Structures are given as structure tokens and as C-alpha cells.
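Chain by chain, the residues:
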Amino acid sequence: MDPYMVKPGQKVHLAAWNPDDTGDFAGKPEARKALKKLRKELVELQERLYAEDKHKVLIVLQAMDTGGKDGVIKSVMRGVNPQGCQVASFKVPTPEELAHDFLWRVHSRVPGRRFITIFNRSHYEDVLVVRVHDIVPEDVWRQRYEQINNFEKLLADTGTLILKFYLHISKDEQKRRLEARRDTPEKRWKFAVGDLKERAYWEDYMQAYEEALTRCSTPWAPWYVVPANKKWYRDLVVARTLVEKLKALDMRYPEAPEGIEEVQVPD
Ligand code: AMP
Ligand code: MG
């Protein structure tokens, strides 16, 4: 049913997940048309989510640089009422954040009832960049997989739908995108020389991702490995998953109070 979901317990070898996959879609025009339809559904579902005031929705986006986190936010969430959405971006931790446990800054940004919150990077950085660069000792980051699963269980148990997307691009595709950033005036501001340094650790990152995806895809907070070399397919997969999971919440507009039809609206 969900070809891109990591089944709990399934061991992930990213080499076996094709970043060029485009499913049943022949090309961009067809996929963009389908996305437009999904967006309409998403807008309607978000209205219900807000009105029902019962569920919370957390979307986690992780990817290598240029993987498309910003792109997904822009293209999938387009048209959704900004009043019901929040984006939380997680950067290099501040001294205050570092003085706390790694989940402190994350917990403070999770959605409350009726909200959709998108994490642009997340607590997973603490088992990705932190692991790749030995920012904390191994015995510290090793414990985090379990701590993350427990944290996400708490959120799920208290009414949060959690969907986690790893946008999977190839190393070649990243090169093309970095070159495009370098060569396009409107994209150059995103070109960070530091990203080239991170690119040199590609294999280490893949290993870190594989372990995070393997150990932290749970029944209450599944990971999806989204083929992301084609932006149009990436957006479609995220939108389709989101719509499907929101529909499954079976959200209802609240019942009208008894006798409301008889209430007079004063002049
Ligand atoms: P960007 O998303 O391009 O603005 O970059 C944000 C940077 O912050 C990335 O290089 C991340 O790896 C880094 N970052 C995010 N969270 C952490 C963390 N917990 N520890 C260290 N670096 C982090
Ligand atoms: Mg960046």
C-alpha cells in the first residue's frame, strides 16, 4: 500500500531505494495536475482539522543539502490557511539550547491541537550531523534512537499524527543542484560553501540516515523514503501521503448546538 514507508523493524539500505523512481507517473505535467487536486483536498482537510480541534499533525522533513525540504514546504503547503500552520526550522543549536537536553528545543515547537507543524530539520540532526562529526560521544548519541522513539510515542499518545519524510536524492543530483545554486543569481544566496564540506561526508551521512530510518520508523511515527531526484514526484508523494493519512483521521466538523436554528441574530 505504502511502497515508500519503512516498515517497523525493516532494515534500510538506501542503495536499494531508487531516488529516480517516479512510480506510475510518465512525467511532470501529469504529476503537477495530480498535485493540484491533492492540494485542494489538503486545504479542505486542514479546515476540518482546525474546526474539529482534536488532532495535532507533525510533519518532519529531513534531507541532505539541496534535497528539497524548502521546496516541499512551498509547493505542498501552498494554499493551506497559514493560520493553522507553523514551520519550525532547526539550525546549529544556540548555547542556551545546548545547555538543555537535545529534545528541549524540539518539544517546545511541536503542534498544539488543530495545528499542522512542519519541522524543517529536526531532532534527527542529533543522530545525523552530530554523529557524522562526533559532536557528542558515541555512547551519548547511541541512546538517542530510543529517546526519540519514546518522545514520539508521547506525542502520538497525546493526539499527534506524526509523518516523517526523508527526501532521498543521489549524490550526482546534489552536484547538479549545487551547481545550479552557484550559477543562478536568484539561488546563489542558498549556496553555502560549508555544504561542499558536508558533501564530502556523503557516505557517512547515508550510514547515519540508514540507522535512523531503521531504528526510528515505528507504528506511531513512520518514516517515508521519498524518491526526490524529480521534484515533481517528490512533491506528489509527500502530498499524497499527507492527504491519505489526514483522511484516515475521519475528522468531522463539530455538531451544531441544539436549537441553533432558532437563535435570533440581533439587528
Ligand atoms: P540550513 O538548514 O541549510 O539552514 O542549515 C542548518 C544547519 O544547521 C545544517 O548544517 C544542520 O546540519 C545544522 N544543524 C541542525 N541541527 C543541528 C544540531 N542539533 N547540531 C549541529 N548542527 C545542527
Ligand atoms: Mg543549507
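Here the structure is shown first, and the text comes after it.
Thresholds applied
Counting from 1, residues in each chain are numbered in the order their sequence is written. Here every chain gets a letter starting at A, and every ligand a number starting at 1, in the order they are written. Where local features are concerned, this predicted model is filtered to residues with pLDDT of at least 70; where side-chain atom pairs are given and counted, the filter is 80 or more; whole-chain, interface and lining totals use all residues. The basis for every side-chain value is the complete set of heavy atoms in the structure, and neither hydrogens nor water enter the calculation. Helix numbers and strand numbers start at the N terminus; a helix is a DSSP run of H or I with at least 4 residues, a strand a run of E with at least 2. Think of it in three bands: residues with accessible area under 20% of the maximum for their type are buried, residues over 50% are exposed, and the middle band is partly exposed, with areas taken using a 1.4 Å probe on protein chains only. In this analysis, two residues are considered to be in contact whenever any of their non-hydrogen atoms come within 4.5 Å of each other. The definitions used throughout rest on a 1 Å grid laid over the protein atoms alone, on which a cavity is an enclosed set of points accommodating a 1.4 Å probe that cannot get out and a pocket is an open set flanked by protein within 12 Å on both sides along at least five of seven lines; lining residues are those having an atom within 4 Å of a point. Grid points are joined across faces, edges and corners, and a volume is the space filled by probe spheres set on the points. Any residue that is not Ala, Val, Leu, Ile, Met, Phe, Trp, Tyr, Cys, Pro, Asp, Glu, Lys or Arg is counted as polar, Gly included; the first ten are nonpolar and the last four charged. Note on definitions. A residue lies near a molecule or strand when any single heavy atom of the residue is within 4 Å of it. N or O atoms within 3.5 Å of each other form a polar contact, as long as, within protein, one can give a hydrogen and the other can take it, and as long as residues adjacent in sequence are counted only when both atoms are side-chain atoms. Per-residue and other accessible areas follow the Shrake-Rupley method at a 1.4 Å probe size, with only the shown protein chains counted as cover for residues. A molecule is said to be in a cavity or pocket once over half of its atoms fall within 2 Å of that pocket's grid points. Definition used in this section: a nonpolar core is a set of buried Ala, Val, Leu, Ile, Met, Phe, Trp, Tyr and Cys residues joined via side-chain atoms within 4.5 Å.

Take the side chain of Thr 241 next. Along the chain, Thr 241 turns up in helix 11 (residues 231-248). The buried category is assigned to Thr 241, whose relative accessible area is 6%. Apart from the residues lying within four places of it in its own chain, the contact partners of Thr 241 are Phe 165 and Tyr 224.

It is worth spelling out empty space enclosed by the protein at this point. Here the idea is plain: a probe the size of a water molecule rolls over the atoms and shows the empty space left. Counted under the stated rule, the structure contains 1 cavity of 30 Å³ or more. When its volume is computed, the largest cavity comes out at roughly 40 Å³. In terms of lining residues, the largest cavity is bounded by Ile 59, Leu 61, Val 72, Ile 73, Val 76, Met 77, Ile 118, Val 238 and Leu 242. Those elements that place two or more of their residues in the lining of the largest cavity are strand 1 (56-63), helix 2 (69-76) and helix 11. Its residues assigned to classes, the lining of the largest cavity shows 9 nonpolar, no polar and no charged.

In the vicinity of ligand 1, the residues found are Phe 90, Lys 91, Val 92, Pro 93, Arg 105, Arg 121, Glu 125, Asp 126, Val 129 and Val 130. Interatomic distance of 3.1 Å between a side-chain N/O atom of Arg 105 and a nitrogen atom of ligand 1. Arg 121 places a side-chain nitrogen or oxygen 2.6 Å from an oxygen atom of ligand 1. For ligand 1, whose free accessible area comes to 500 Å², the fraction covered by protein is 74%. Comparing atom positions with the cavity grids shows ligand 1 to sit within the largest pocket. Class assignment for the residues of the shell around ligand 1 results in 5 nonpolar, no polar and 5 charged.

Leu 14, Tyr 124, Phe 165 and Tyr 166 are the most contacted members of the largest nonpolar core, which has 75 residues in total. It is helix 11 that contributes the most residues to this core, 9 residues altogether. When neighbours within four sequence positions are excluded, Tyr 124 is seen to be in contact with Val 60, Gln 62, Ile 148, Glu 152, Lys 164, Ala 212, Cys 216 and Trp 223.

These figures capture arrangement, not role.
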